[in-house]
Amino acid sequence: MTSPRRSDATRTAILDAARERFAADGYERATIRAIARDAGIDPSMVMRYYGNKEGLFAAASTFELELPELGALPAQHAGAALVAHFLDRWERDEVLTGLLRVGVTNEAGAERMRAVFAEQLRPVTAGVCPDPAEAPRRAGLVASQILGMALTRYVLRLPPLVEMSREDIAAWLGPTVQRYLTAETP
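Counting of residues starts from 1 at the beginning of each chain's written sequence and follows it residue by residue. At least 70 in pLDDT is required for a residue's local features to be given in this predicted model, at least 80 for side-chain atom pairs to be given and counted, and no such filter applies to totals for whole chains, interfaces and linings, which use all residues. For side-chain calculations, the full set of non-hydrogen atoms in the structure is used, while hydrogens and water are omitted.

A. Here's a closer look at the overall build of the protein chain. For the protein chain, the helix and strand inventory stands at 10 helices and 0 strands. Counted from the first residue to the last, the protein chain has its helices and strands arranged as α-α-α-α-α-α-α-α-α-α. If you line up the protein chain on its principal axes, its C-alpha atoms span 60 × 35 × 30 Å. Note on contacts: a residue pair is in contact if any heavy atoms of the two residues lie within 4.5 Å. Sequence separation of at least 24 residues holds for 66% of the intrachain contacts in the protein chain that already meet a minimum separation of 6. A total accessible area of about 9900 Å² is found for the protein chain, and carbon and sulfur atoms account for 55% of it. Put simply, the protein chain has 22 plus and 24 minus side-chain charges, and the middle of one group is 6 Å from the middle of the other. In this description a helix means any DSSP run of H or I spanning at least four residues, a strand means any run of E spanning at least two, and both kinds are numbered starting from the N terminus. Values of accessible area rely on a 1.4 Å probe in the Shrake-Rupley scheme; residue burial ignores everything except the protein chains shown. The charge count treats Lys and Arg as positive and Asp and Glu as negative. His and the chain ends do not count. The atoms used to mark charge sites are NZ of Lys, CZ of Arg, CG of Asp and CD of Glu.

Shown next, in the form of structure tokens:
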């Protein structure tokens, strides 16, 4: 029988390998066999712990955005702070980039991305917008800017955005996100 510590180490190795493989290859091209090989285990172990590729993807794409408490900031700085936070979060690891790549081509990935933003971004938005009932719409608008920037900077790697400093991106994008968060409804 596998000891709990070895089981935890195996699960961690599988999830680490899956995150890297999904980020590099996307959902469709990533295989259980390749992930198992990267983790140094037999493919049957992946199936044992996660059931199938979709279950593995769901486990590998679970993460926290670790959003700042925007209500604690001066209201006029919330947009720039949120953009800077997302840049930090995006550059910390490949999980969010991998999820974005998969979400564009796969319904399971798109659903996971929708859930992350609904569960984590919407409540933060509700805390600063003038009418909390508008939080879903405003969170969607914020996500459109953040995800658009991430797609062009981290996935498509458009040279002008890759070359921009993080401070410049926050300065350009922050006012738009700020408007989505706090402006009166047009």
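B. Quick peek at the nonpolar core. Within this scheme, the nonpolar core is defined by two criteria: the residues are buried Ala, Val, Leu, Ile, Met, Phe, Trp, Tyr or Cys, and they are joined through side-chain atoms within 4.5 Å. Here the term buried applies to any residue with accessible area under 20% of the maximum for its type, exposed to any over 50%, and partly exposed to those in between, with areas from a 1.4 Å probe on protein chains only. Among the nonpolar cores identified, the biggest contains 52 residues, and Phe-22, Leu-56, Leu-82 and Trp-90 are the most heavily contacted of them. Tallying contributions element by element places helix H8 (residues 135-155) first for this core, with 8 residues. Apart from residues no more than four positions distant in its own chain, Leu-56 is found in contact with Ile-14, Leu-15, Ala-18, Phe-22, Ile-32, Ile-35, Val-46 and Tyr-50.

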